[in-house]
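Residue-level structure breakdown
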Amino acid sequence: MNKTLSMSPRKTRRKKRLNTEVISYNLLMLPGMVLLLIFAVLPMIGIVIAFQHFIPAKGIFGSEWVGLENFRLIFNLPDSWIVLRNTLILAISKMVIGTVVPIFFALILNEIHCMPYKKFAQTAVYMPYFLSWVLLGSIFLSMLSTDGVINAVIRGFGGEPIMFMASNKWAPVIVVVTDCWKNFGYGSIIYLAALSGVNVNLYESAAMDGANRLKQIWHVTLPAIIPTIVLVATLSLGNVLNAGFDQIYNMYNPLVYESIDIIDTFVYRIGLVDMQYGLSTAVGLFKSVVSMVLIILSYWLARKWTGYRIF
């Protein structure tokens, strides 16, 4: 009886401590939740513009309601299908190359045992990720201009200068390659982390069976990180309609709209430049709905194939 009575105050103190911790965590989350509410939830009211002939002077409540007219206009515009095609091609290309190259780099870096050189290589390839496309876009455009370094080399070998960023043949390739160059170092971090968890005994067993280093990578290393590869590739499906506004905006021009104009830049032009607010909001809403469906699908696939789950 005394033991039961003595335990009761202890349980009470523990419960009070837990309640205090919960309140502290909630207070810690409060500023972030307020910012999320102000900048992400409340602006969702603006979705109604997609169903209106929006005039800023009249506002949301005074503009004419047109229903699905903006969406019909989208699908009747020839440019809309070109933009959708470009977005899918560029986004999928970036997704594939942005997955393969970091894996390849992580495998190479994992084989380097000279720590000073390894740290230098890691730092060198991580640096571009932290540079903005405003800066990198200017650098690449300067290098790829007719008077740039690359055309100087071409002329040095007796070739004719190429207008890279005025060619619908070269522009998509340059966009994908430069995006990969900027991001592959940072993208390899997760694969390096996965490689660090591979059991060393597996390599010793493979070596005893006569496997050389390449065979060890193929039969030991890659199978060990396949769940990570599948997870990262699956989760990237949610970004299949995000082809990189910052990069495209800083590198494109009207001559290459046909090949690298994407949904985000299209929305920017018709919304802010041409002031067709209803039409641009409809395009943005269509993209958001498709992206939401792809994100839900990607998380379902990630949970099914790799056991990954948020909740």
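See the structure printed just above.
Now for a look at the structure at hand. (Residues numbered from 1 in each chain as written. Predicted model: local features only at pLDDT ≥ 70, side-chain atom pairs only at ≥ 80, totals over all residues. Heavy atoms only, no water.)

Regarding the packing of aromatic side chains
One pass over the full model with this rule turns up 16 aromatic pairs. An angle of 15 degrees between the planes, with centres 5.8 Å apart, marks the rings of Phe-51 and Trp-65 as stacked. Of the two residues, Phe-51 is situated in the loop between α1 (2–41) and β1 (52–53) and Trp-65 in strand β2 (residues 64–65); the sequence distance between them amounts to 14 residues. A centroid spacing of 5.6 Å and a plane angle of 85 degrees characterise the contact between Phe-140 and Trp-181, whose relative ring orientation is edge-to-face. You can see Phe-140 sitting in helix α6 (residues 133–144) and its partner Trp-181 sitting in helix α8 (residues 171–187), a full 41 residues away along the chain. Classification of Phe-140 as buried rests on a relative accessible area of 12%. (Phe/Tyr/Trp six-rings, centres within 6.5 Å; stacked < 30°, edge-to-face > 60°. Helix = DSSP H or I, 4+ residues; strand = E, 2+ residues; numbered from the N terminus. Buried < 20%, exposed > 50% of the residue type's maximum accessible area, 1.4 Å probe, protein only.)

Observations concerning the layout of surface pockets
What the largest pocket holds in volume is close to 780 Å³. Lining the largest pocket we find 28 residues, and of these Lys-94, Gly-98, Asp-179, Asn-183 and Asn-239 sit closest to its centre. Taken together, the elements giving at least two residues each to the lining of the largest pocket come down to α4 (78–110), α8, α9 (189–196), α11 (213–235) and α12 (245–251). For the lining of the largest pocket, the per-class residue count stands at 15 nonpolar, 9 polar and 4 charged. Taken as a whole, the second largest pocket spans an internal volume of roughly 280 Å³. (1 Å grid on protein atoms, 1.4 Å probe; cavity = no way out; pocket = protein on both sides within 12 Å on 5 of 7 lines; lining within 4 Å. Points joined across faces, edges and corners; volume = space filled by probe spheres on them. Nonpolar A, V, L, I, M, F, W, Y, C, P; charged D, E, K, R; others polar.)

Topic: helix α14 (residues 263–273)
Among all positions in α14, only Ile-263, Asp-264, Thr-265, Phe-266, Arg-269, Ile-270 and Gly-271 are buried. Where α14 terminates, the next one or two residues include Met-275, which has phi positive at roughly 60 degrees.

Quick word on the side chain of Asn-151
Relative to the helices and strands, Asn-151 is located in helix α7 (residues 149–156). Overall, Asn-151 belongs to the buried group, its relative accessible area being 0%.

With respect to the environment of Ala-224
Within the secondary structure layout, Ala-224 lies in helix α11. A C-alpha to C-alpha distance of 8.8 Å links Ala-224 and Asn-199, two positions 25 residues apart in sequence.

Quick word on the pattern of salt bridges
Applying the stated criterion across every chain, the model contains 5 salt bridges. Of the charged contacts, one joins Asp-179 and Lys-94 as a salt bridge, the two residues approaching to 4.0 Å between their closest N and O atoms. Remark: Lys-94 occurs in helix α4 and Asp-179 occurs in helix α8; sequence separation between them is 85 residues. With a relative accessible area of 15%, Asp-179 lands in the buried category. Judged by its relative accessible area of 11%, Lys-94 falls in the buried class. (Salt bridge = Lys/Arg side-chain N within 4 Å of Asp/Glu carboxyl O.)

Taken by themselves, the reported measurements are silent on function.
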